[in-house]
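Take a look at the letters that make up each chain.
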Amino acid sequence: MNYTFERWNTTKSMDLYGVNDWGKGYFTLAGNGDLMVMPSPGQSADAVSIPEIVTGMKARGLDMPVLLRIENILSSRISKLNESFLSAITTLDYKGSYIGAYPIKVNQQEQVVEKITRFGSRYHHGLEAGSKAELIAAMGMLRDSKAPLICNGYKDEEFVDLGLYASKIGHFCIMVVEMPGELPLILERAKALGAKPVLGIRIKLSSRAGGHWADSGGDRSIFGLDTTQIVQAIDLLKQEDMLDCLQMVHYHLGSQISNIREIRTAVNEACQVYSGIFQEGAPLKYLDLGGGLAVDYDGSQSNFLSSRNYTLDEYCIDIIEAVMTSLHESPIPHPTIITESGRALVAYYSMLLFNVLDVTRFQTAALPETLPVDCHPQIQYMNEALQTLTIRNIQECFNDILFYRDEVRDLFNHGKISLRERSLSEQIFWAALNEIEKKARDLKHLTPELEDIQRALADIYYCNFSVFQSLPDSWAIGQLFPVMPIHRLDEEPTRRAIIADITCDCDGKLDRFIDSHELKRFLPLHELKDSEEYFLGAFLVGAYQETLGDLHNLLGDTNVVTVRIQKNGEFKFVGEQEGDTVADTLSHVSYDAKRLVVRFRKMAEEAVRKGNISPQERREIMQAYEAGLRGYTYFER
Ligand SMILES: *Cc1c(COP(=O)(O)O)cnc(C)c1O
């Protein structure tokens, strides 16, 4: 038994959980089984133990679940994106340049946007706003007048005015016309305010991308102007003598585009539109390709939805190359390429850490040594099937057991056998499934039925978090995220599990896990120890998850901790944000904590008057109620 345990090592855990595949060099394992995080890919000398960070957080009173952000990774992602484009530009001798703009909607948290503007300033990395609120945030956060501030989204007069004021005070603001009706409004307000805007035009491409966000591109896209509307816009600009304002062509194909061919096809089509508008006399300078740069969540490097079949370098090379090829024959100067990558910038730098609260196992009590003498024949047959189980007759044995189990249930329903006999048969059934599952682990190929057994027998690990609050895309669109233990990785994980959260919703679970080939229906985990907490992490959760999350069961925002890694594995806590208290989440749904206390106190006083509780008890109960309001919404130990 212990033999396999001794042979286990951290290399096997690395493979099992695909750390190198999805981690892209930001994660590794230490000899002691700790999961380590690295400030930049492969910088193992500076790696920091995640369990050590957890210990530090707990010592400071920050309970699980915690969203942990590693600042260095964000900085590294921004550099990588910009450097990859710069290197593609040099390699291919492209005459234009590259500039990035972070779309605020991907993670709007002030801390995140602040860091992006700070780390991005060396590349003049800008911001993209898709609404008034985002524009107002961006105008306050962006300092660099060379960094673009791109205004997408539907614009009312107030939005337009804000954008024009942004230009006036020196922001490099580009107003993108998303809807035909916006252009007259922008021109009118520009005149009224005496501002000369830089304009972009969002085009509708007929190229479509697959995936969840497919309708962002394509004829049915709800955003952007079709060719007729583009021509009308040009005519209006000419008429108003403002065609020189039109400097950018913009499109957004959708997010998480897993197939590089779709990206190339779209670039090509957009370049043709760009040429056409240029030939109409607009002094175009910028080509904005929007977002879409995907994250390889499952590490498979495929065109699977949770992955992508290209690297960042390939993405940059392909785009630059496609632009050069499309404009090859024309005298049009190479545009400055803009991308609005959000997901690829922020996904890596956040992880959700949580503890396991409890486990349910589908194992049976030990079977009796011998069956009762007068035992019903069907039950005896079941037992015989179990006793003669081998790896060769596994399927046959499974069929037999299932058959007899159903017969016994029938007999029971007809009053032919007793409750105890039926219970015995069910025990044999589960024991057989457990045996079959154990033996099936050695098989290379499993029939669908045998796979079902594995799922039926997987433990349920109850974990202290809410899928709806912290991993909403996992629930809403079946997005996969890497999930794994953050310690004990030098031990063999002998259990197979699915994960349940603490909402009382049957959808509050993770039962599909990443795998380099397809997807796994269970996650290998370690046995719990009485003496020690067990911690898991969900990774690459920095994009979209935070603000899409909701208050299902009134589980609120988690604690957030930001860490900066210094040299030689030293680290600093540079930011802490306490999660919602119960009173906070209640206030989101319009409760007033004070009013609740008053009401509850009335009830308690009535109980005193009726003699159900003593005044002293009332005091204790009130204290508990008020402490509850101040407390964390998650399970506290
Ligand atoms: C959402 C969005 C993005 C971000 O896309 P990612 O795939 O996360 O990079 C960029 N531009 C626009 C217009 C968007 O709506």
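Keep in mind that what you see is a predicted model, and the values were worked out from it rather than measured.

### With respect to the sheet that holds strand β11 (residues 286-288)
Neighbouring strands of a sheet are bound in pairs by backbone hydrogen bonds; such pairs are parallel or else antiparallel.
Argument step 1. Reading around the barrel, the eight strands line up as β5-β6-β7-β8-β9-β10-β11-β12 and close back on themselves, with parallel pairing between neighbours. Ignoring strand direction, the axes of neighbouring strands in this sheet form an average angle of 25°.
Argument step 2. Two elements, strand β7 (residues 148-151) and strand β8 (residues 172-177), share four bridges in a ladder whose sense is parallel. Across the sheet, residue proline 148 finds its bridge partner in β8, namely phenylalanine 172.

### Topic: empty space enclosed by the protein
Argument step 1. For the structure on display, the rule yields four cavities of 30 Å³ or more.
Argument step 2. Roughly 70 Å³ of internal volume is contained in the largest cavity.
Argument step 3. As for the largest cavity, its lining consists of Tyr251, Leu253, Ile257, Ile263, Ala266, Leu289, Gly291, Gly292, Leu293, Tyr315 and Ile319.
Argument step 4. Of all the secondary-structure elements, those providing two or more residues to the lining of the largest cavity are α11 (260-279) and α12 (312-326).
Argument step 5. Considered class by class, the residues forming the lining of the largest cavity number nine nonpolar, two polar and no charged.

### Digging into the pairing of strand β10 (residues 246-250)
Argument step 1. Across the five residues of β10, five count as buried, placing the element largely inside the fold.
Argument step 2. Relative to β10, strand β9 (residues 198-202) runs parallel, the two being bridged by four bridges. In the strand pairing of β10, arginine 202 is matched with histidine 250.
Argument step 3. The handedness of the β10 to β11 crossover, carried by α11, is right-handed.

### With respect to the packing of helix α14 (residues 377-387) against helix α15 (residues 394-413)
Each pair of packed helices can be described by the angle between their axes along with the distance between the axes.
Argument step 1. Where α14 meets α15, the axes come as close as 9 Å, and the angle between the chain directions of the two elements is 160°. By the angle between their axes, α14 is roughly antiparallel relative to α15. Of the two elements, α14 crosses α15, and the hand of that crossing is left-handed. Note on element contacts: α15 touches α14 through Cys397, Asp400, Ile401, Tyr404, Arg405, Glu407, Val408 and Leu411, opposite Gln378, Ile379, Tyr381, Met382, Ala385 and Leu386.
Argument step 2. Here the contact of α14 with α15 is composed, by residue class, of ten nonpolar, one polar and three charged.

### Considerations on the side chain of aspartate 161
Argument step 1. Here aspartate 161 lies in helix α8 (residues 157-168).
Argument step 2. Among the polar contacts listed, one links the side chain of aspartate 161 to the side chain of arginine 189, at a separation of 2.8 Å.

### Thoughts on the site of the ligand
Argument step 1. Lining the immediate surroundings of the ligand are 16 residues, of which Lys105, Ser255, Glu340, Gly342 and Tyr544 lie closest.
Argument step 2. Within the backbone of glycine 342, an N or O atom sits 2.7 Å from an oxygen atom of the ligand.
Argument step 3. Interatomic distance of 2.6 Å between a side-chain N/O atom of tyrosine 544 and an oxygen atom of the ligand.
Argument step 4. Taking 390 Å² as the accessible area of the ligand by itself, protein coverage stands at 92%.
Argument step 5. For the shell around the ligand, the per-class residue count stands at three nonpolar, eight polar and five charged.

### Points about the packing of aromatic side chains
Argument step 1. This structure, assessed with the given rule, holds 20 aromatic pairs.
Argument step 2. Seen in terms of ring centroids, tryptophan 22 and phenylalanine 27 are 5.2 Å apart; in terms of plane orientation they differ by 45°. Their pairing is tilted. Accessibility classification places tryptophan 22 together with phenylalanine 27 in one group, the buried group.
Argument step 3. Ring geometry for tyrosine 310 and tyrosine 315: centres 5.9 Å apart, planes at 20°, overall stacked. Like tyrosine 310, the residue tyrosine 315 is buried in the burial classification.
Argument step 4. Among the aromatic residues, those joined into a cluster by ring pairs are Phe85, Tyr98, Tyr310 and Tyr315.
Argument step 5. Lying across the ring of phenylalanine 159, lysine 155 places its NZ or CZ 5.6 Å from the centre.
Argument step 6. Arginine 405 extends its terminal NZ or CZ atom over the ring of phenylalanine 429, reaching a point 4.2 Å from the ring centre.

### Examining the sheet that holds strand β1 (residues 27-29)
Argument step 1. If you trace the three strands from one edge of the open sheet to the other, you get β1-β2-β3, paired in antiparallel fashion. Each edge of the sheet is formed by a strand with only one pairing partner; in this case those strands are β1 and β3 (48-49).
Argument step 2. Of the strand pairs in this sheet, β1 and strand β2 (residues 35-37) are connected by three bridges, and their pairing is antiparallel. Of the residues in β2, the one forming a bridge with threonine 28 is methionine 36.

### Quick word on helix α5 (residues 71-92)
Argument step 1. The terminal C-alpha atoms of α5 lie 32 Å apart, and with 22 residues this matches the ideal 32 Å at 1.5 Å per residue to within 8%.
Argument step 2. Count one or two residues on from α5 and you reach aspartate 93, which has phi positive near 55°.

Conventions used here
- Residues numbered from 1 in each chain as written.
- Predicted model: local features only at pLDDT ≥ 70, side-chain atom pairs only at ≥ 80, totals over all residues.
- Heavy atoms only, no water.
- Pairing = 2+ DSSP bridges.
- Helix = DSSP H or I, 4+ residues; strand = E, 2+ residues; numbered from the N terminus.
- Axes fitted to C-alpha atoms, helices over the stretch in contact; angles between N-to-C directions.
- 1 Å grid on protein atoms, 1.4 Å probe; cavity = no way out; pocket = protein on both sides within 12 Å on 5 of 7 lines; lining within 4 Å.
- Points joined across faces, edges and corners; volume = space filled by probe spheres on them.
- Nonpolar A, V, L, I, M, F, W, Y, C, P; charged D, E, K, R; others polar.
- Buried < 20%, exposed > 50% of the residue type's maximum accessible area, 1.4 Å probe, protein only.
- Right-handed = clockwise from strand over helix to strand, strands pointing away.
- Parallel < 35°, antiparallel > 145°, perpendicular 65-115°, else oblique.
- Left-handed = near helix turned anticlockwise from the far one by under 90°.
- Contact = heavy atoms within 4.5 Å.
- Polar contact = N/O pair within 3.5 Å; in protein donor to acceptor, adjacent residues only side chain to side chain.
- Near = heavy atom within 4 Å.
- Areas by Shrake-Rupley, 256 points an atom, 1.4 Å probe, with all protein chains shown as cover.
- Phe/Tyr/Trp six-rings, centres within 6.5 Å; stacked < 30°, edge-to-face > 60°.
- Lys NZ or Arg CZ within 6 Å of the ring centre and 35° of its normal.
- Expected span 1.5 Å × (residues − 1).

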